[in-house]
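The lines below spell out each chain.
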Amino acid sequence: MTENSDEEVVSESQIAVHWREEEYYPPPPAFVAQANANDPAILDRFAEDKFPDCFTEYADLLDWDRRWDTVLDTSQAPFWRWFTGGRLNACFNCVDRHAAADPDKTAIIWVPELEEDETLYISYGDLLRRVNEFAALLQDFAGLKTGDRVTLHMPMVPELPITMLACARLGIIHSQVFGGFSGNACGTRIADSGSRVLITMDGYYRAGSITDHKVKADEALAEAARLDQEVDKVLVWRRQPGQYASATPMADGRDFFVDDLIGKYAGQEVEPVSMDATAPLFLMYTSGTTGRPKGAQHSTGGYLSYVAGTSKVYQDIHPNDVYWCMADIGWITGHSYIVYGPLALGTSTVIYEGVPNYPDGGRPWRIAQKLGVNIFHTSPTAIRMLRKVGPDEPAKYDYQFKNMTTVGEPIEPEVWRWYYSSVGKGQAAITDTWWLTETGGFLGSTVPALQPMKPGSCGPGALGIFPVIYDENRNEIPAGSGRAGNICIRNPWPGIMQTVWGQPERFLDVYYRKYNADPDSKDWHDWPFLCGDGAVRSEDGYIRILGRIDDVINVAGHRLGTKELESAALTVPEVAEAAAVPVIDDIRGRMVEMYVSLKPGVVPDGMEAKVTTAIETEIGKIARPKNVWIVPDMPKTRSGKIMRRVIASVSNFADVGDVTTLANPEIVEGIRQHVQKAKVDKGDTPRPLTDTELAEIQSFGNE
Ligand code: PRX
């Protein structure tokens, strides 16, 4: 597996891991009694011999204009086609049918960040009206039609799901870029998706102050133009209609305020377009090993069925629940489990504008108390942060969760226990959900009423998902062996991405090439899907996810590609070489540290700040490095490859291992002393790493 013959390396996934088996926690009886999936017969209905027809149980949660002919069409393997022949509209399923049944039922509860600002309740009837009006505007004013792509760069406001659903109503493929990404990052995605329209917002509240968001639209358009993509129109929602929160001018004839235009479409209705089940619903860009972000293309029928089904089974959403997923809609979690899944089930979904600890660590629990939230979904990073800033806050508030889910990163058992006993007050089920942008919905999790929880493990494969752990040679690593490997899913499932937008070869390469033995096979058994995570399976079938096996750094549950970070640093003209490595962080899981070497003759003063700014400009503040280290040279193999594992070890105070085979072993000690002394001086010394953390650091970048 190693590219360079002069280096003896093992991949992270091959390193045996050791940890204590955690005890089981049974689901609370009160939860079990009311759960959607509390009859073990469901496990049989989704057994492997029922595949793929088992998934009609999820598809039957939707209203179809035309029922499908074939559940799974493998004729273009591995470009799976689910529910072919079927026709439906995603917006109709998320809005119209619930509005028809009960127009006054609350669809969206929007909580602005400022506590004194009023909470907004949007009923299904109101949502239908607003979606219709905006769809009319998209069609008439923006000239958009079925199959067009449109880029959204919006914060956590109700106008975001309204925009998404209006697109879905017309079969327009939306591509929402996380609001915290920079203008440049948005521009790259505009160009890749071929969008001629950008939909954005003037500003939004974050940590107590309003940010100028519109400025990013101008940067995005400049970047898109550089990549030969012209954008005709920028539609700007205003957070407060009539009041512009940005200092950035509106470009005449290009930029338009939505609230100026929408009046013309008041009361208009737009027929939902009956879409083929296999038509794309949206793109969601994600990072991988190589530079350019990949647009994961998700389907209409398969995706919506999968998120509706998993929202029902795993999040236990009933129509009368108040459900709060404290993620950002700009990530896949928000698409699947704030917007499409919960609304398909006709529940009330909470959207919170701001950061969880604004103005203090009690905020989420006050929101839960006020709104009567009974299902809560968040990430280990948020849990760690809330535990740190307010370990005793949950007890002060009168709320009661029945189910609490987590997503995005492995959760440490100790953090899990705080979540369970303090946030959940020992009365809620905890559902750890493991999955990826590419997979549309959950891959590994416990069915909360039927399978006990085990801290730190996500659980077995989700219903109808059959995981396998392979070594580098496609030998299956048996459950209970204590050995880690590359986790794959043996079968396709309805939520799986259809392809990488515009790059089908990359879809094959990244997810299938490694373990597919016969590229001509039309049999799904020949196409294990490579998830990109290292994992271990215990005897009971529960999976423990160890983290990415590619060069991706998971910061606060968000994937950042090392190549993207390094390319951003290289936009600084004085930088000769750059390498990004992870450092273990007790709150965010991992943070990024950059190592850069400068071109000859460059004065290093101020270069750290320049590199940081470049990363914020190219990617966004989320990628801001914890430290930038200027080094005279990078440790390299004789074939010239930067040894990221050596500098990662330095950053994490881990043993750098054997460096004698490097081309320049003599520089390592100097770098180690410089970096570690600076860290000690700053009081930034890490706790001792666990076995799995050590394995990750000491093998980082090996592949
Ligand atoms: O490494 C896994 C980690 O997040 C990666 C996927 O990131 P992204 O595509 O941004 O999607 C995040 C939300 C679905 C995975 O490859 N990951 C996700 N969930 C878990 C997890 N690691 C451990 N436990 C989880 N529950």
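Thresholds, definitions, all that
- Residues numbered from 1 in each chain as written.
- Predicted model: local features only at pLDDT ≥ 70, side-chain atom pairs only at ≥ 80, totals over all residues.
- Heavy atoms only, no water.
- Helix = DSSP H or I, 4+ residues; strand = E, 2+ residues; numbered from the N terminus.
- Rg over C-alpha atoms; globule rule 2.2 N^0.38 Å.
- Buried < 20%, exposed > 50% of the residue type's maximum accessible area, 1.4 Å probe, protein only.
- Contact = heavy atoms within 4.5 Å.
- Areas by Shrake-Rupley, 256 points an atom, 1.4 Å probe, with all protein chains shown as cover.
- Lys, Arg positive; Asp, Glu negative; His and termini not counted.
- Charge placed at Lys NZ, Arg CZ, Asp CG, Glu CD.
- Pairing = 2+ DSSP bridges.
- Axes fitted to C-alpha atoms, helices over the stretch in contact; angles between N-to-C directions.
- Core = buried A, V, L, I, M, F, W, Y, C linked by side-chain atoms within 4.5 Å.
- pLDDT = per-residue confidence, 0-100.
- Polar contact = N/O pair within 3.5 Å; in protein donor to acceptor, adjacent residues only side chain to side chain.
- Salt bridge = Lys/Arg side-chain N within 4 Å of Asp/Glu carboxyl O.
- Parallel < 35°, antiparallel > 145°, perpendicular 65-115°, else oblique.
- Nonpolar A, V, L, I, M, F, W, Y, C, P; charged D, E, K, R; others polar.
- Right-handed = clockwise from strand over helix to strand, strands pointing away.

**Notes on the overall build of the protein**
Step number 1: Looking only at helices and strands, the protein has 20 helices and 30 strands in total.
Step number 2: Taken over the C-alpha trace, the protein has a radius of gyration of 25 Å; the compact-globule value for 703 residues is 27 Å, and the two agree within 12%.
Step number 3: For the C-alpha atoms alone, the extent of the protein along its principal axes is close to 75 × 60 × 60 Å.
Step number 4: A burial count over the protein gives 64% of its 703 residues as buried.
Step number 5: Within the protein, counting contacts between residues at least 6 apart in sequence, those at least 24 apart form 73% of the total.
Step number 6: In the structure as shown, the protein presents an accessible area of about 24700 Å², 50% of it carried by carbon and sulfur atoms.
Step number 7: On the protein, the mean spot of the 68 positive side-chain charges and the mean spot of the 97 negative ones are 1 Å from each other.

**Some remarks on the sheet that holds strand 24 (residues 529–537)**
Step number 1: Pairing in this open sheet of 4 strands is antiparallel, and the strands run 21-22-24-25 from one edge to the other. Of all the strands in the sheet, just strand 21 (467–470) and strand 25 (543–548) have a single pairing partner and so form its edges. The average undirected angle you get between the axes of adjacent strands in this sheet is 45°.
Step number 2: Inspection of the sheet shows strand 24 paired to strand 25 by 5 bridges, in the antiparallel sense. Its bridge partner lying in strand 25, valine 536 is registered against arginine 544.

**Regarding the sheet that holds strand 15 (residues 294–299)**
Step number 1: On the basis of which strands lie adjacent, the open sheet formed by 8 strands has the order 12-11-8-6-7-14-15-23 and mixed pairing. Two strands bound the open sheet, and with one partner strand each, they are strand 12 (255–257) and strand 23 (499–500).
Step number 2: With 2 bridges joining them, strand 15 and strand 23 adopt antiparallel strand pairing. Each residue of the ladder has a partner; that of glutamine 297, found in strand 23, is threonine 499.
Step number 3: Across the sheet, helix 8 (residues 214–226) is in contact with strand 6 (149–153), strand 8 (197–201), strand 11 (233–237) and strand 12; its angle to strand 8 comes to roughly 160°.

**Here's the deal with the nonpolar core**
Step number 1: In terms of nonpolar packing, the biggest core is built from 119 residues, with Phe55, Leu127, Phe134, Leu138, Ile199, Leu235 and Tyr340 touching the most fellow members.
Step number 2: Not counting residues within four places of it along the chain, the set of residues in contact with leucine 138 comprises Gly143, Leu144, Ala166, Cys167, Leu170, Ile172, Ile199 and Leu235.

**Concerning the confidence of the model for the protein**
Step number 1: When pLDDT is averaged along the protein, the result is 95, and 97% of the positions lie at 70 or above.
Step number 2: When the criterion is pLDDT under 50, residues 1–16 qualifies, and its contacts beyond four places in sequence or with other chains add up to 45 contacts.

**Description of the side chain of serine 195**
Step number 1: Along the polypeptide, serine 195 turns up in the loop between helix 7 (183–193) and strand 8.
Step number 2: Residue serine 195 is classed as buried on the basis of its relative accessible area of 0%.
Step number 3: In terms of polar contacts, serine 195 uses its side chain to reach the side chain of serine 193, at 2.8 Å.

**Re the environment of glycine 295**
Step number 1: When you line up the elements, glycine 295 lands in strand 15.
Step number 2: Here glycine 295 falls in the buried class, since its relative accessible area comes to 0%.
Step number 3: Residues glycine 295 and alanine 107, 188 residues apart in the sequence, show an inter-C-alpha distance of 29 Å.
Step number 4: Not counting residues within four places of it along the chain, the set of residues in contact with glycine 295 comprises Met284, Tyr285, Thr499, Val500 and Trp501.

**Points about the pattern of salt bridges**
Step number 1: Taken as a whole, this structure holds 54 salt bridges when the rule is applied.
Step number 2: One salt bridge in this structure joins arginine 384 and glutamate 409, with 2.4 Å as the shortest N-O distance. Of this pair, arginine 384 sits in helix 13 (residues 380–389) while glutamate 409 is found in the loop between strand 19 (403–407) and helix 14 (413–423), placing the two residues 25 residues apart along the sequence. Across the pair, exposure class does not vary: arginine 384 and glutamate 409 are buried alike.
Step number 3: Note that lysine 636 and aspartate 633 form a salt bridge whose closest N and O atoms lie 3.3 Å from each other.
Step number 4: According to the relative accessible area criterion, lysine 636 is buried, its value standing at 17%.
Step number 5: One salt-bridge network, in which partners are shared between bridges, spans Asp585, Glu593, Lys626, Lys679 and Asp684.

**A look at the packing of helix 10 (residues 301–313) against helix 11 (residues 332–344)**
Step number 1: Remark: helix 10 packs on helix 11, axes separated minimally by 8 Å, with the N-to-C direction vectors making an angle of 85°. It follows that helix 10 is roughly perpendicular to helix 11 by the angle criterion. Packed against helix 10, whose contacting residues are Tyr303, Leu304, Val307, Ala308, Thr310 and Ser311, the element helix 11 presents His335, Ser336, Tyr337, Tyr340, Gly341, Pro342 and Ala344 at the interface.
Step number 2: Within the contact of helix 10 with helix 11, the residues separate by chemical class into 8 nonpolar, 5 polar and no charged.

**A few points about the pairing of strand 17 (residues 348–352)**
Step number 1: Judged by how many residues are buried, strand 17 sits mostly within the fold: 5 of 5 residues are covered.
Step number 2: Every second residue of strand 17 is oriented toward a common face, with Ser348, Val350 and Tyr352 on one face and Thr349 and Ile351 on the other, all of them buried.
Step number 3: Here 4 bridges tie strand 4 (residues 106–111) to strand 17, and the two strands are oriented parallel to one another. Bridge pairing links valine 111 to tyrosine 352 in strand 17.
Step number 4: Pairing analysis gives 3 bridges linking strand 16 (residues 322–325) to strand 17, with the strands arranged parallel. Within strand 17, the residue paired with valine 322 across the bridge is serine 348.
Step number 5: Once the chain exits strand 16 it traverses helix 11 before rejoining the sheet at strand 17, and the crossover so formed is right-handed.

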